[in-house]
Protein chains: 2
Amino acid sequence: RSYCSRMALHKGLLFRQLFETESSTYTYLLADTETKDAIIIDPVLETIDRDLKLIHQLGLNLKVAVNTHCHADHITSTGLMKKRLVGLKSAISKFSGASADIHLAEGDKITFGKHYLTAIETPGHTDGCMTLVSGDQSMAFTGDTLLIRGCGRTDFQQGCPKKLYNSVHQKIFTLPDQCLVYPAHDYLGWTASTVGEERKFNPRLTKSPEEFVNIMNNLNLKKPAKIDISVPANLVCGIHEV
Amino acid sequence: RSYCSRMALHKGLLFRQLFETESSTYTYLLADTETKDAIIIDPVLETIDRDLKLIHQLGLNLKVAVNTHCHADHITSTGLMKKRLVGLKSAISKFSGASADIHLAEGDKITFGKHYLTAIETPGHTDGCMTLVSGDQSMAFTGDTLLIRGCGRTDFQQGCPKKLYNSVHQKIFTLPDQCLVYPAHDYLGWTASTVGEERKFNPRLTKSPEEFVNIMNNLNLKKPAKIDISVPANLVCGIHEV
Ligand SMILES: [Fe+2]
Ligand SMILES: [Fe+2]
């Protein structure tokens with residue numbers, strides 16, 4: 001029962017968390033330090049140069065750029081990365097409605113060297129939301145399904161609070177207590193949490209299903225500023241060919 | 001030779017990186033998961049409630065609040081934390097000129113449970129700058145001495161580019177390649193680097209000493225907005241008794 005962000009010995013696993021300030025998005029870079037095969041999760045158009053420079057400096061072969069869902073608040077750099085890195089494949093849930101080289105379904109593995117992530121369907125924020133869990137269940141990349149002490153909104157893009165509640169309780173809160181939670185966004189300066197912590201302290205998801213639905217249906221949030229350009233762009237890997 | 005942010009197995013070490021948006025400051029929380037003894041590095045006044053709530057939720061006994069130096073860009077929460085947490089001690093370099101319960105000198109250890117950090121004098125940004133290195137040299141909290149692909153400015157508060165260059169080259173770049181670099185600030189969305197990476201790719205500190213001094217003396221930066229209130233406040237743990 002350790003809460004340590006660096007707890008598990010992942011011999012030969014490179015891990016980097018990167019932040020994009022405008023949309024408060026976390027991008028994650030993971031690689032096998034031996035084979036140098038790498039994957040990137042939720043890369044953002046604004047920071048493509050930073051991310052590609054780091055990948056280059058570390059000598060990595062980026063194999064897959066995976067999006068946890070079709071984002072409404074920023075444009076993915078996946079499409080542009082594919083143009084700049086030969087052989088790079090894009091991946092997203094088959095329920096996202098977005099085009100990609102790989103359409104993920106429940107249980108699919110994204111492999112890089114001797115490591116892999118398992119894609120778990122966690123709809124609710126959108127129908128195509130996935131949580132990516134490391135092979136040893138020490139890390140979960142939860143997208144907008146579960147945020148640190150929060151969760152993604154459910155008032156557009158097929159959002160459904162009941163689905164989100166069930167996804168978190170059935171698919172994420174059943175992971176080990178010490179499993180690190182790495183979300184797609186954070187607005188309060190948190191960088192990581194654990195499943196055990198969120199199960200205990202998440203102010204929304206510790207409520208009953210009814211209370212949760214009620215909270216989510218009364219948030220009265222503004223429409224994301226970029227939704228009308230982001231969603232159509234992200235349906236085609238961020239490359240809007242107009 | 002692993003670049004992994006989670007590389008080392010620190011059984012029973014809790015580690016959390018926290019961010020304060022206004023001053024782009026990183027605060028670090030470390031604890032022994034068995035004894036629950038904890039330390040915090042560079043806590044910021046604006047985020048004291050968030051930090052104390054987390055400490056409380058995790059059931060930690062905060063023993064020491066240490067500042068890597070007397071900050072010019074934000075006010076430390078150390079003094080206010082001492083008022084809220086009985087038994088908490090403040091720590092800072094004896095060369096900082098700041099009052100504190102513990103005045104650190106080269107080689108001093110800050111212990112929490114079975115873990116400790118060693119204080120290493122790395123002057124240059126200020127005379128009282130320290131780098132805190134974990135017992136196994138897997139993590140270095142470099143304050144403003146070494147930032148990710150950058151370094152602290154040297155044009156006020158006893159700043160001296162020659163001293164900073166020597167501190168980095170003699171005290172930080174001599175740590176193991178895979179030692180993780182956790183700075184006090186970041187402005188570009190980096191959360192961690194390694195000694196090996198900075199030794200190879202830091203655009204300033206890979207230069208010759210002469211070139212480095214020349215770069216630093218010609219940055220022409222604005223004075224930090226908060227320097228006239230931050231420095232006097234931080235000389236007394238952030239509690240300005242006026
Ligand atoms: Fe989203
Ligand atoms: Fe500073």
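It should be emphasised that the depicted structure is a prediction, and the values quoted were computed from it without experimental measurement.

**Q** Teacher, can you tell me more about helix α1 (residues 48-57) of chain B here?
**A** One turn of the α-helix equals 3.6 residues, which is why residues spaced by three or four share an orientation. Summarising burial for α1 of chain B: 7 of the 10 residues are buried, a large majority. Restricting attention to buried positions, one finds in α1 of chain B the residues I48, R50, D51, L52, L54, I55 and Q57 of chain B. In the core, the buried residues of α1 of chain B are packed alongside α4 (195-201) of chain A together with β1 (13-20), β2 (25-32), β3 (37-41), β4 (61-66) and α2 (78-84) of chain B. G59 of chain B sits one or two residues past α1 of chain B and shows a positive phi near 70 degrees.

**Q** Honestly, the coordination of the iron ion (ligand 1) in this entry has me stumped. Any pointers?
**A** Geometry sets the ideal angles at a metal, namely 109.5 degrees for four tetrahedral donors and 90 or 180 degrees for six octahedral donors. All names here are of chain A. Taken together, the protein ligands of the iron ion (ligand 1) are H69 (NE2), H125 (NE2) and D144 (OD), with distances of 2.1 to 2.4 Å. Sequence spacing of the donor residues for the iron ion (ligand 1), all on one chain, is H-x55-H-x18-D. Separated by 75 residues along the polypeptide, H69 in the loop between β4 (61-66) and α2 (78-84) and D144 in the loop between β10 (139-143) and α3 (161-172) bring together distant segments of the chain. Both residues of the pair, H69 and D144, belong to the buried class.

**Q** Looking at this structure, how should I read the sheet that holds strand β1 (residues 13-20) of chain A?
**A** Sheet strands pair by backbone hydrogen bonding; their relative direction is either parallel or antiparallel. Residues and elements named next belong to chain A. Ordered in space as β1-β2-β3-β4-β5-β6, the 6 strands form an open sheet in which the pairing is mixed. The open sheet has two free edges, formed respectively by β1 and β6 (102-104), since each of these has just one partner strand. In this sheet, neighbouring strand axes are inclined to one another by 20 degrees on average, regardless of whether the strands run parallel or antiparallel. Inspection of the sheet shows β4 paired to strand β5 (residues 89-93) by 3 bridges, in the parallel sense. Bridge pairing in β5 places A65 opposite S90. Contacts between helix α1 (residues 48-57) and the sheet are confined to β1, β2 (25-32), β3 (37-41) and β4, with β1 contributing the most and set at about 160 degrees to the helix.

**Q** Please explain the pairing of β3 of chain A as it appears in this structure.
**A** Consecutive residues of a regular strand have side chains that alternate between opposite faces of the sheet. All names here are of chain A. Taken across its 5 residues, β3 has 5 buried, putting it largely inside the fold. Where burial is concerned, the two faces of β3 agree: the one with D37, I39 and I41 and the one with A38 and I40 are both buried. Here β2 pairs with β3 via 4 bridges, running antiparallel. Paired with A31 across the bridge in β3 is A38. Taken together, β2 and the strand that follows it, β3, pair antiparallel across an intervening segment of 4 residues, in which K36 is found at a positive phi of about 70 degrees. Examined bridge by bridge, β3 and β4 share 5 bridges and lie parallel to one another. Paired with D37 across the strands is N61, a residue of β4. At this point the chain moves from β3, through α1, to the parallel β4, and the crossover so formed is right-handed.

**Q** Explain the sheet that holds strand β7 (residues 109-112) of chain B to me, please; I cannot follow it from the model alone.
**A** Residue and element names in this part refer to chain B. Taken in spatial order, the 6 strands line up as β7-β8-β9-β10-β11-β12 in an open sheet, and their pairing is mixed. This sheet does not close on itself; its edge strands, each paired only once, are β7 and β12 (193-194). Two elements, strand β11 (residues 180-183) and β12, share 2 bridges in a ladder whose sense is antiparallel. Residue pairing for β12: V181 is matched across the bridge by S193.

**Q** Looking at this model, I keep getting lost on the coordination of the iron ion (ligand 2). Mind explaining?
**A** Bound to the iron ion (ligand 2) are the protein donor atoms H69 of chain B (NE2), H125 of chain B (NE2) and D144 of chain B (OD), situated 2.1 to 2.3 Å from the metal. A relative accessible area of 1% places H69 of chain B in the buried class.

**Q** What am I meant to see in the environment of S99 of chain B here?
**A** All names here are of chain B. Residue placement: S99 occurs in the loop between β5 (89-93) and β6 (102-104). Judged by relative accessible area, which is 38%, S99 ranks as partly exposed. C-alpha separation for the pair S99 and Q178, spaced 79 residues apart in sequence, amounts to 35 Å. Beyond its immediate sequence surroundings of up to four residues, S99 is in contact with L235, V236 and C237.

**Q** I would appreciate a short explanation of α3 of chain A in the present structure.
**A** Residue and element names in this part refer to chain A. Taking 1.5 Å of rise per residue, 12 residues should cover 16 Å, and α3 covers 15 Å from first to last C-alpha, within 8% of that figure. Here α3 has its buried residues at P161, L164, Y165, S167, V168 and I172. The buried residues of α3 occupy an angular sector of 160 degrees when the element is viewed end-on, so they sit on one face. Relative to its buried face, α3 has exposed residues pointing more than 90 degrees away, namely K162 and Q170. In this fold, the buried residues of α3 make contact with β9 (130-134), β10, α4 and α5 (209-216).

**Q** Please clarify how the confidence of the model for chain A should be interpreted in this entry.
**A** Residues at a pLDDT of 70 or more form 94% of chain A, whose mean pLDDT is 93. Every residue in residues 1-10 of chain A is under pLDDT 50, and counting partners more than four places away or in other chains gives 51 contacts.

**Q** Quick question: what am I supposed to make of the packing of aromatic side chains here?
**A** What characterises a pair of aromatic rings is the spacing of the ring centres plus the angle enclosed by the ring planes. Across all of its chains, the model carries 18 aromatic pairs over all chains by this definition. An angle of 50 degrees between the planes, with centres 4.9 Å apart, marks the rings of F19 of chain B and Y26 of chain B as tilted. For the pair F19 of chain B and Y26 of chain B, one class covers both residues: buried. In textbook terms, an aromatic cluster arises when at least three aromatic residues are bridged by ring pairs, as seen for F15, F19, Y26, Y28, F141 and Y182 of chain A. Taking the ring centre of W190 of chain A as reference, the NZ or CZ of R50 of chain B above it sits at 5.9 Å. Sitting over the face of the ring of W190 of chain B, R149 of chain B holds its NZ or CZ atom 5.5 Å from the ring centroid.

About the thresholds
Within each chain, residue numbers correspond to sequence positions counted from 1 in written order. Naming scheme: in the order in which they are written, chains are lettered from A and ligands are numbered from 1. Owing to the predicted nature of the model, reporting of local features is limited to residues with pLDDT of at least 70; listing and counting of side-chain atom pairs is limited to 80 or more, with chain, interface and lining totals taken over all residues. Excluded from the side-chain calculation are hydrogens and water; included are all heavy atoms of the structure. Accessible area is worked out with a 1.4 Å probe on protein chains only. A residue is then buried under 20% of its type maximum, exposed over 50%, and partly exposed in between. A helix here means a DSSP run of H or I that spans at least four residues, while a strand means a run of E at least two residues long, and both kinds are numbered starting from the N terminus. Contacts: residue pairs with any heavy atoms within 4.5 Å of one another. For Na, K and Ca the donor cut-off is 3.2 Å, and for all other metals it is 2.8 Å, counting N, O and S atoms only; because water is absent from this set, sites may look incomplete. DSSP calls a pair of strands paired once it identifies at least 2 bridges connecting them. Whenever a helix is involved, its axis is fitted only over the stretch in contact; in every case the axis is a line through C-alpha atoms, and angles between N-to-C directions fall within 0 to 180 degrees. We call a crossover right-handed when, viewed with both strands directed away from the observer, the connection leading from the first strand over the helix to the second proceeds clockwise. A helix is expected to span 1.5 Å multiplied by its residue count minus one. The directions from the helix axis to the C-beta atoms are what the arc is built from. Every residue is assigned a pLDDT by the predictor, reflecting its confidence on a scale from 0 to 100. Here the aromatic set is Phe, Tyr and Trp, taking the six-membered ring for Trp, and pairing holds for ring centres within 6.5 Å; pairs whose planes are under 30 degrees apart are stacked, those over 60 apart are edge-to-face, and all others are tilted. Throughout this description, the term charge over a ring refers to an Arg CZ or Lys NZ atom that lies within 6 Å of the ring centre and within 35 degrees of the ring normal.

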